[in-house]
Amino acid sequence: MRVIICGAGQVGYGIAERLAAEKNDVSVIDTSPALIHAVRDALDVRGFVGHGAHPDVLEAAGAQNADMIIAVTLFDEVNIVACEVAHALFNVPMKIARIRAQSYLQPHYQNLFAREHLPIDVIISPEKEVGEMVLRRIALPGATDVVRFAEDKIAMVAIECLEECPVVHTQLSQLSELFPDLPSTVVGIVRDEKLFIPHSEDQLEPGDMAYVVTTKDQVRRTLTLFGHDEQEATRIVIAGGGNIGLYVAEAIEQRQSRTKIKIIESNRERAVLVADQLRRTVVLNGSALDQKLLHEADIQDADLMVALTNNDQVNILSGVMAKRLGCKANLVLINNPSYQDLTKSVGIDAYVNPGSVTTSRVLQHVRRGRIRAVHSVMRGAAEIIEAEALETSPLVGSYLRDLDLPDGMRVGAVYREGTVIRPSGALTIKPKDRVVIFALADAVKDVEQMFRVSLEFF
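Bear in mind the structure is a predicted one, so any value in this text is a computation, not a measurement.

A closer look at the overall build of the protein
For the protein, the helix and strand inventory stands at 15 helices and 22 strands. The globule rule puts the C-alpha radius of gyration for 458 residues at 23 Å, and the 23 Å found for the protein is close to it. With the C-alpha coordinates aligned to their principal axes, the bounding extent of the protein is approximately 70 × 65 × 45 Å. Of all 458 residues assigned to the protein, the portion counted as buried reaches 52%. Pairs at least 24 residues apart make up 64% of the contacts formed inside the protein by residues separated by at least 6 positions. The protein carries 48 positive and 61 negative side-chain charges, and their two centres are separated by 3 Å.

Put into structure tokens, the structure is as follows:
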């Protein structure tokens, strides 16, 4: 696939890294020579210094032969115009744009990006995507990652197995016998920083990170089974009143009337604006690293500190400081991957990587076949994929136990006509079933092949 990426920042670089690793033909455009040099030096891509919305720059990058353009610069208007030019002059089939300003995304303006107006096929809103991820993590304490599939009926949760975890040292096949009514399947395990697909005879060990696929209404029971019975936070302090912090606070006000929220925002003008937009949230102006201000926010009585500023160091330090002052738990936003390995050692309970969230959203549209959703885990070491089975799919018509599936994948659940089915050897996949599969990076291409539309389908 030939892909042009406009913007070589953290998001653009992350997308380019993933696509180049999968042998796609990638061109990256940015106005910063330093960013383009960094991309050229580190990745197998072509780099172009220039304006991503200028026709001559797009032409030099190969727009006339491109299959997709992904516009993820810092400026919405540049992203919009880049897609418009790619459509009007070069007839690029797939156009993806990052749009940050929420005014563009109001429901009553949704026709704006129709083909006859501004022809953009996919809109990505990082603030909304990351905000929803933060909200899912807040709602399910004890889970280190949470993703929904199949119209929110299926969930994938990453759960750390602690020493007191009731299911450690028990074969996975026995878990099914012990809890026959629990539709949960362990599809991946991280042990000693290595990710693998477990078999029925494998056991969970203390310190493992288990990726579990289950139904939406059985997530809490699954967490409890793994030894996590943390209560949902009702007193939350948010560091950072930017777009993500505001989105999270507004959503909590609407969805959780019992929850008390306080926001700490360093910019006075922004703090006033945020206070005007929220109804029940207390907004404090100052630094999240100021202990006096943290005490003023009653951090010692808080259940959760959520650090969402645009500075990784501030997020990490404020999260650590909050816990030392008495806050029960923390959740922080971390952009720099090199900081993510330090989280456990410094006292961070959980973190969200905005780049990973956005990259997962893009991969959903890069993947070939009837792919409905994609979520990347462990910096691309694996993906959990929701795909629709067609009549021509090799999965259809045979028992799961008779299928010669590659070792690097495991079926987590099947969604059929509104019902979630736990996979078993006697299950037969039918056309139009939605299959949720956990696949290591090397097996992703095999998953795509299983769900591609073959010529005989037409």
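Side note on the sheet that holds strand β8 (residues 154-160)
The five strands are arranged β7-β8-β11-β9-β10 in an open sheet whose pairing can be described as antiparallel. Each end of this open sheet is capped by a strand with a single partner; those strands are β7 (143-149) and β10 (194-196). Each strand axis lies, on average, 20 degrees off the axis of its neighbour in the sheet, ignoring direction.

Some details on the environment of I80
Relative to the helices and strands, I80 is located in helix α4 (residues 76-90). Between the C-alpha atoms of I80 and I120, which are 40 residues apart in sequence, the distance is 7.7 Å. Beyond its immediate sequence surroundings of up to four residues, I80 is in contact with I99, Y104, F113, L118 and I120.

As for the packing of aromatic side chains
Scanning all chains against the criterion turns up one aromatic pair. Between Y211 and F438, the ring centres sit 5.5 Å apart and the planes meet at 35 degrees, which makes this aromatic pair tilted. Residue Y211 is located in strand β11 (residues 209-215), and its partner F438 is located in strand β22 (residues 434-440); the two are separated by 227 residues in the primary sequence. With relative accessibility at 0%, the residue F438 sits in the buried group. Sitting over the face of the ring of Y399, R401 holds its NZ or CZ atom 4.9 Å from the ring centroid.

Concerning the UniProt feature "domain: RCK N-terminal" (unreviewed entry) in the protein
Cross-referencing UniProt, the feature "domain: RCK N-terminal" (unreviewed entry) maps to residues 1-124 and 233-352 in the present numbering. With 42% helix and 22% strand, the stretch residues 233-352 has end C-alpha atoms that lie 17 Å from each other.

Structural notes on the UniProt feature "domain: RCK C-terminal" (unreviewed entry) in the protein
Taken from the UniProt record, the annotation "domain: RCK C-terminal" (unreviewed entry) applies to residues 144-228 and 372-453. Structurally, residues 144-228 comprises 16% helix and 35% strand, and the distance from its first C-alpha atom to its last is 11 Å.

Observations concerning the packing of helix α8 (residues 243-255) against helix α9 (residues 268-277)
Think of two packed helices as two axes; the pair is described by the angle between the axes and how far apart they sit. Between α8 and α9, the least distance of the axes is 11 Å, while the angle of their chain directions is 20 degrees. One finds that α8 runs roughly parallel with respect to α9. The hand of the α8/α9 crossing is right-handed. Taking contact as the criterion, the partners of N243, L246 and E250 in α8 are, on α9, R270, V274 and Q277.

A closer look at the sheet that holds strand β16 (residues 329-333)
Ordered by their spatial adjacency, six strands build an open sheet running β14-β13-β12-β15-β16-β17, and the pairing between neighbours is parallel. Strands at the two margins of the open sheet, each flanked by one partner only, are β14 (282-285) and β17 (350-352). Neighbour to neighbour, the strand axes of the sheet diverge by 20 degrees on average, direction disregarded. Where strand β13 (residues 260-265) lies against β14, four bridges are found, and the strand directions are parallel. Bridge pairing in β14 links E265 to N285. Most of the contacts of helix α5 (residues 126-139) go to β17, to which it runs at about 160 degrees, and overall it touches β12 (235-239), β15 (304-307), β16 and β17.

Here's the deal with the state of the cysteines
For the structure on display, the rule yields zero disulfides. The thiol sulfur of C165 is not disulfide-bonded, and the nearest other cysteine sulfur, from C161, lies at 4.5 Å. For C165, a relative accessible area of 4% gives the class buried.

Focus: the domain arrangement of the protein
Interface size is commonly expressed as the accessible area that is lost once the parts come together. By the assigned domains, the protein splits into domain 1 (2-124), domain 2 (130-226), domain 3 (235-356) and domain 4 (363-451). Here the C-alpha centre of domain 3 lies 27 Å away from the C-alpha centre of domain 2. Taken residue by residue, the interface counts nine residues in domain 2 and 17 residues in domain 3. Together domain 2 and domain 3 conceal approximately 1100 Å² of surface at their shared face, both sides included; 74% is due to carbon and sulfur atoms. When the area that domain 2 buries against domain 3 is broken down by residue, the three leading residues are V130, L135 and I138, summing to 45%. Between E132 and R255 there is a salt bridge, with the nearest N and O atoms lying 2.9 Å from each other. Counting across the domain 2 and domain 3 interface gives four residue pairs in polar contact (both at pLDDT 80 or more). Of the residues forming the side of domain 2 that touches domain 3, the biggest block, eight residues, is contributed by α5. Grouping the constituent residues of the side of domain 2 that touches domain 3 by class yields five nonpolar, one polar and three charged.

Thoughts on the pattern of salt bridges
As enumerated under the stated definition, the model contains 22 salt bridges in all. Between R191 and D208 there is a salt bridge, with the nearest N and O atoms lying 2.7 Å from each other. Of the two residues, R191 is situated in strand β9 (residues 185-191) and D208 in the loop between β10 and β11; the sequence distance between them amounts to 17 residues. Residue classification places D208 among the buried positions, given a relative accessible area of 1%. Notably, a salt bridge pairs D433 with R416, separated by 2.7 Å at the nearest N-O pair. Of this pair, D433 sits in the loop between β21 (419-421) and β22 while R416 sits in strand β20 (residues 409-416), and the two are 17 residues apart along the sequence. Just as D433 is buried, R416 falls in that class too. Taken together, the shared-partner salt bridges connect R18, E22 and E383 into one network.

Basis of the calculations
Residues numbered from 1 in each chain as written. Predicted model: local features only at pLDDT ≥ 70, side-chain atom pairs only at ≥ 80, totals over all residues. Heavy atoms only, no water. Helix = DSSP H or I, 4+ residues; strand = E, 2+ residues; numbered from the N terminus. Rg over C-alpha atoms; globule rule 2.2 N^0.38 Å. Buried < 20%, exposed > 50% of the residue type's maximum accessible area, 1.4 Å probe, protein only. Contact = heavy atoms within 4.5 Å. Lys, Arg positive; Asp, Glu negative; His and termini not counted. Charge placed at Lys NZ, Arg CZ, Asp CG, Glu CD. Pairing = 2+ DSSP bridges. Axes fitted to C-alpha atoms, helices over the stretch in contact; angles between N-to-C directions. Phe/Tyr/Trp six-rings, centres within 6.5 Å; stacked < 30°, edge-to-face > 60°. Lys NZ or Arg CZ within 6 Å of the ring centre and 35° of its normal. UniProt positions renumbered as here; feature names shortened; annotations may be inferred. Parallel < 35°, antiparallel > 145°, perpendicular 65-115°, else oblique. Left-handed = near helix turned anticlockwise from the far one by under 90°. Disulfide = S-S within 2.5 Å. Domains from an automatic or database assignment. Buried area = accessible area lost by both parts, 1.4 Å probe. Salt bridge = Lys/Arg side-chain N within 4 Å of Asp/Glu carboxyl O. Polar contact = N/O pair within 3.5 Å; in protein donor to acceptor, adjacent residues only side chain to side chain. Nonpolar A, V, L, I, M, F, W, Y, C, P; charged D, E, K, R; others polar.

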